[in-house]
Amino acid sequence: MVLVTVLMIVIVMMILSVSILSQHMTQSNSSQAQVEQIQADQLAKGIFWNTYSAGAFANGTTTFSANNRTYNSTVATQGSLTNVQISY
């Protein structure tokens with residue numbers, strides 16, 4: 001009887017440990033995705049203001065790498081409208 005009780009407690013503790021570890025991994029992955037999204041947003045703002053400070057939006061594509069990712073920025077001007085698109 002004591003052996004069965006101890007085994008049940010051990011099984012319950014193992015299940016709790018696995019669930020806590022899986023929750024930690026999920027939070028870690030979601031935090032990393034959020035960090036990457038903020039970095040990409042700040043990088044996009046930097047590209048926009050760098051292009052803006054050049055004095056004019058010139059049509060063309062620029063490729064660069066940051067944080068082990070390759071980013072492409074495309075500037076397209078039609079009349080008074082300028083479209084700046086950044087992708088990775």
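Shown above is the structure to which this text applies.
Quick caveat: nothing in here was measured; it's all calculated off a predicted structure.

Caption draft 1: Quick peek at the overall build of the protein. Within the protein, the secondary structure is distributed over one helix and three strands. Order of helices (α) and strands (β) in the protein, N terminus to C terminus: α-β-β-β. Burial statistics for the protein: of 88 residues in total, 7% are counted as buried. Here the contacts in the protein between residues at least 6 apart in sequence split such that 20% fall between residues at least 24 apart. Of the roughly 7,200 Å² of accessible surface on the protein, 62% is carried by carbon and sulfur atoms.

Caption draft 2: Geometry of the pattern of salt bridges. For the structure on display, the rule yields one salt bridge. Among the ionic pairs, K45 bridges to D41, the shortest N-O distance being 3.5 Å. You can see K45 and its partner D41 sitting in helix α1 (residues 2–53), four residues apart, about one turn around the helix. Relative accessible area serves as the criterion here: at 41%, K45 is assigned to the partly exposed category.

Caption draft 3: The arrangement of a nonpolar patch on the surface in detail. Where nonpolar side chains cluster on the molecular surface, the patch consists of V2, V6, V10 and M14 and spans about 370 Å² of accessible area. Checked against the element boundaries, V2 lands in helix α1.

Caption draft 4: Just the environment of T61, in detail. Here T61 lies in strand β1 (residues 60–66). When the C-alpha positions of T61 and I86 are compared, they lie 9.5 Å apart, and in sequence the two are 25 residues distant. Among all residues touching T61, those that are not within four sequence positions of it are S73 and T74.

About the cut-offs
Residues numbered from 1 in each chain as written. Predicted model: local features only at pLDDT ≥ 70, side-chain atom pairs only at ≥ 80, totals over all residues. Heavy atoms only, no water. Helix = DSSP H or I, 4+ residues; strand = E, 2+ residues; numbered from the N terminus. Buried < 20%, exposed > 50% of the residue type's maximum accessible area, 1.4 Å probe, protein only. Contact = heavy atoms within 4.5 Å. Areas by Shrake-Rupley, 256 points an atom, 1.4 Å probe, with all protein chains shown as cover. Salt bridge = Lys/Arg side-chain N within 4 Å of Asp/Glu carboxyl O. Patch = residues over 30% accessible without salt bridge, like charges linked within 9 Å, V, L, I, M, F, W, Y side chains within 5 Å.

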